[in-house]
Amino acid sequence: MTTETDMNEINIPNIPQVKIRIEPRTFHFKSPAGTSRGVYTTRKSWLLYATSPLYPDRCGVGECAPLPQLSCDDIPEYEKTLRALCDMVEQQGGIDYGILRPYPSILFGLETALLHLSKGSTLLFDTPFAKGEAPIPVNGLVWMGRHDEMLARMEEKIAQGFRCIKLKIGAINFEEELDLVKRLRDRFGIRELQLRVDANGAFTTDEALYKLELLAQYGIHSIEQPIKPKQWGMMAMLCRESPLPIALDEELIGVNLPDMKRQVLNIIKPAYIVLKPSLHGGMQGVSDWIETARDMGIGSWITSALESNVGLNAIAQLTAHLYGQRITQAQGLGTGLLYTDNTPWQGHEMTIKEGEAWMRTTE
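Parameters and conventions
- Residues numbered from 1 in each chain as written.
- Predicted model: local features only at pLDDT ≥ 70, side-chain atom pairs only at ≥ 80, totals over all residues.
- Heavy atoms only, no water.
- Helix = DSSP H or I, 4+ residues; strand = E, 2+ residues; numbered from the N terminus.
- Buried < 20%, exposed > 50% of the residue type's maximum accessible area, 1.4 Å probe, protein only.
- Polar contact = N/O pair within 3.5 Å; in protein donor to acceptor, adjacent residues only side chain to side chain.
- 1 Å grid on protein atoms, 1.4 Å probe; cavity = no way out; pocket = protein on both sides within 12 Å on 5 of 7 lines; lining within 4 Å.
- Points joined across faces, edges and corners; volume = space filled by probe spheres on them.
- Nonpolar A, V, L, I, M, F, W, Y, C, P; charged D, E, K, R; others polar.
- Axes fitted to C-alpha atoms, helices over the stretch in contact; angles between N-to-C directions.
- Parallel < 35°, antiparallel > 145°, perpendicular 65-115°, else oblique.
- Left-handed = near helix turned anticlockwise from the far one by under 90°.
- Contact = heavy atoms within 4.5 Å.
- Pairing = 2+ DSSP bridges.
- Core = buried A, V, L, I, M, F, W, Y, C linked by side-chain atoms within 4.5 Å.

## Observations concerning the side chain of Lys 168
Part 1 of the argument: When you line up the elements, Lys 168 lands in strand S6 (residues 164–168).
Part 2 of the argument: Take Lys 168: its relative accessible area is 8%, and that puts it in the buried class.
Part 3 of the argument: Separated by 3.1 Å, the side chains of Lys 168 and Asp 198 make a polar contact.
Part 4 of the argument: Engagement of the side chain of Lys 168 in a polar contact is seen with the side chain of Asn 200, the distance being 3.2 Å.

## Quick look at empty space enclosed by the protein
Part 1 of the argument: Per the counting criterion, the structure on display carries 2 cavities of 30 Å³ or more.
Part 2 of the argument: Empty space within the second largest cavity amounts to approximately 70 Å³.
Part 3 of the argument: If you trace the second largest cavity, you find 11 residues lining it, with Arg 101, Asn 256, Lys 261, Gly 281 and Gly 285 closest to the centre.
Part 4 of the argument: With 3 residues, the single largest contributor to the lining of the second largest cavity is helix H9 (residues 282–295).
Part 5 of the argument: Considered class by class, the residues forming the lining of the second largest cavity number 2 nonpolar, 5 polar and 4 charged.

## Overview of the environment of Tyr 49
Part 1 of the argument: Looking at where Tyr 49 falls in the secondary structure, it is placed in strand S2 (residues 38–52).
Part 2 of the argument: Residues Tyr 49 and Glu 63, spaced 14 residues apart in sequence, show a C-alpha to C-alpha distance of 9.1 Å.
Part 3 of the argument: At 3.4 Å, the side chain of Tyr 49 forms a polar contact with the side chain of Glu 23.

## Observations regarding the packing of helix H8 (residues 258–268) against H9
Part 1 of the argument: With their axes 10 Å apart at the nearest point, H8 and H9 run at an angle of 40° to one another. Accordingly, the angle class assigned to the pair H8 and H9 is oblique. When the axes of H8 and H9 are compared, the crossing they make is right-handed. Judged by residue contacts, Lys 261, Arg 262 and Leu 265 of H8 engage Gly 285, Asp 288, Trp 289, Thr 292, Ala 293 and Asp 295 from H9.
Part 2 of the argument: Of the residues that constitute the contact of H8 with H9, the class distribution is 3 nonpolar, 2 polar and 4 charged.

## Let's talk about the sheet that holds strand S8 (residues 222–224)
Two pairing modes exist for strands in a sheet, parallel and antiparallel, and in both the strands are linked by backbone hydrogen bonds.
Part 1 of the argument: Taken together, 7 strands build an open sheet; the order of strands is S5-S6-S7-S8-S9-S10-S11 and the sheet is parallel. The open sheet terminates on both sides in strands that have one partner only, identified here as strand S5 (140–142) and strand S11 (299–302). Taking each pair of neighbouring strands and ignoring which way they run, the sheet shows an average axis angle of 25°.
Part 2 of the argument: Across 2 bridges, the pairing between strand S9 (residues 246–248) and strand S10 (residues 272–275) is parallel. Within the sheet, the bridge partner assigned to Ala 247 lies in S10 and is Tyr 272.
Part 3 of the argument: Running over the sheet, H9 touches S10 and S11 and is turned about 175° from S10.

## Re the nonpolar core
Part 1 of the argument: Grouped together as the largest cluster of nonpolar side chains are 97 residues, with contacts concentrated most on Leu 167, Phe 203, Leu 215 and Ile 223.
Part 2 of the argument: Looking at this core element by element, the count peaks at 9 residues for helix H10 (residues 309–323).
Part 3 of the argument: Those residues within four positions of Leu 167 in sequence are excluded, and the remaining contacts are Val 142, Met 150, Met 154, Val 181, Leu 184, Leu 195, Arg 196, Val 197 and Asp 198.
Part 4 of the argument: Judged by nonpolar contacts, the second largest core, of 14 residues, contains Leu 67, Trp 143, Ile 253 and Leu 306.

Listed below in structure tokens is the structure:
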């Protein structure tokens, strides 16, 4: 089997005679989720159920959830490819990372299912967070919408106790978005409330620096992906010139080889990178990104990609495992209550209280 550098001990076991069943699911948002790329009302996922005679009374569950028009493995006949790759894992008894690197959402689902099966519990990593003994700080996410809608959502997140708010921007008039930011800052100083914005590549190259300068006057922590990806020279210039720290997100999609990861970060030199296992290489890929960034003095945090509770809980446990006591940034794990028909994950259930994620044991 192909191996990866195991700097953070992501040990996904080989399991003899493993069989994997695929269940397509469509989840329905409680409220439309707006980004600069469009509005989500439903979310397609594929749940994997792994079994083996080695563990006759167990079933491991994982989630494969590519984002439409964004994931590098959002491909025609996704389910057919998923079946073929699951068949390969069945034949080999484990994950071949060399083959699966181009399919991060599939890789993450397989990693979760095999780890769950081998552990015999939804406690995937032995951490204080997974055992309900310590929280993870998280940001409150405010989706795009009309000015009044976003203002009401901001108020709701603050009332819920969040002290880090992330605003999706780039879909409405920029002056209105600036007004939202100003209203927050008028009420809460930098020490009281951390404010992040995510443009999802909405700014044009001509206007980006000007808009970053306007945003920076309000003490914003960072902006994710101000311009569209694959413009390395322009993004590098923005990272040099911007008074507002820049975090890469979409820029990292499809960058799956270790040498290429280092090259991208070395050229662009962002302040932060934002990592999603379903987009950025599964559990092992995210581990590699964190280590590479850390070596270069670049910060990072982990966020979900609109997975159901199966994927979200695995991401939260992975976050606690990879960062340990070094969680200094609010993570993006507050999206678990988006759906009217969410999938329960029996054993360990994540809840959000006062801007922190807690794991509650139900086994």
